[in-house]
Amino acid sequence: MAISKDMKIGELLQVSELVAPCLLRAGMHCLGCPASQAETLEEACMVHGIDCDTLVAQINEILAGK
């Protein structure tokens, strides 16, 4: 399953156990925060100053290789 930037953080974390480490490495250390669960990946990237398209590509690459 490919992820997209309009998916909510809560959804992403349920896709695969490989997603959380990717987000943490990118600098998103708020994964346990209740507010982050309803935030889209694009919104979270904007808040953290992360290039969303690059992060989506990296996560999809990792998920494709699992």
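Residues numbered from 1 in each chain as written. Predicted model: local features only at pLDDT ≥ 70, side-chain atom pairs only at ≥ 80, totals over all residues. Heavy atoms only, no water.

Novice: Looking at this structure, how should I read the nonpolar core?
Specialist: Nonpolar side chains tend toward joint burial in soluble globular proteins. Ranked by size, the top nonpolar core spans 18 residues in total, and within it Ile3, Leu23, Met28, Leu41, Leu55 and Ile59 carry the most contacts. Secondary structure elements with two or more residues in this core: α1 (9-15), α2 (19-26), α4 (41-48) and α5 (52-64). In contact with Leu41, not counting residues within four places along its chain, are Ile3, Ser4, Lys5, Met7, Ile9, Leu12, Leu23, Met28, Cys52, Leu55 and Val56. (Core = buried A, V, L, I, M, F, W, Y, C linked by side-chain atoms within 4.5 Å. Buried < 20%, exposed > 50% of the residue type's maximum accessible area, 1.4 Å probe, protein only. Helix = DSSP H or I, 4+ residues; strand = E, 2+ residues; numbered from the N terminus. Contact = heavy atoms within 4.5 Å.)

Novice: What is the right way to read the pattern of salt bridges from this model?
Specialist: Pairing between side chains of opposite charge can happen when the charged atoms of each approach one another. Counted under the stated rule, the structure contains 2 salt bridges. Taking the shortest distance from any N to any O, the salt bridge between Lys5 and Glu42 comes out at 3.8 Å. Of this pair, Lys5 sits in the segment before α1 while Glu42 sits in helix α4; the two residues are 37 residues apart in sequence, bridging distant segments of the chain. Using a relative accessible area of 38% as the deciding quantity, one classes Glu42 as partly exposed. The salt bridge partner of Lys5 is Asp53, with a shortest N-O separation of 3.3 Å. Within this pair, whereas Lys5 is found in the segment before α1, its partner Asp53 is found in helix α5, the two being separated by 48 residues in sequence. Accessibility expressed as a relative area gives 33% for Lys5, which makes it partly exposed. One salt-bridge network, held together by shared partners, links Lys5, Glu42 and Asp53. (Salt bridge = Lys/Arg side-chain N within 4 Å of Asp/Glu carboxyl O.)

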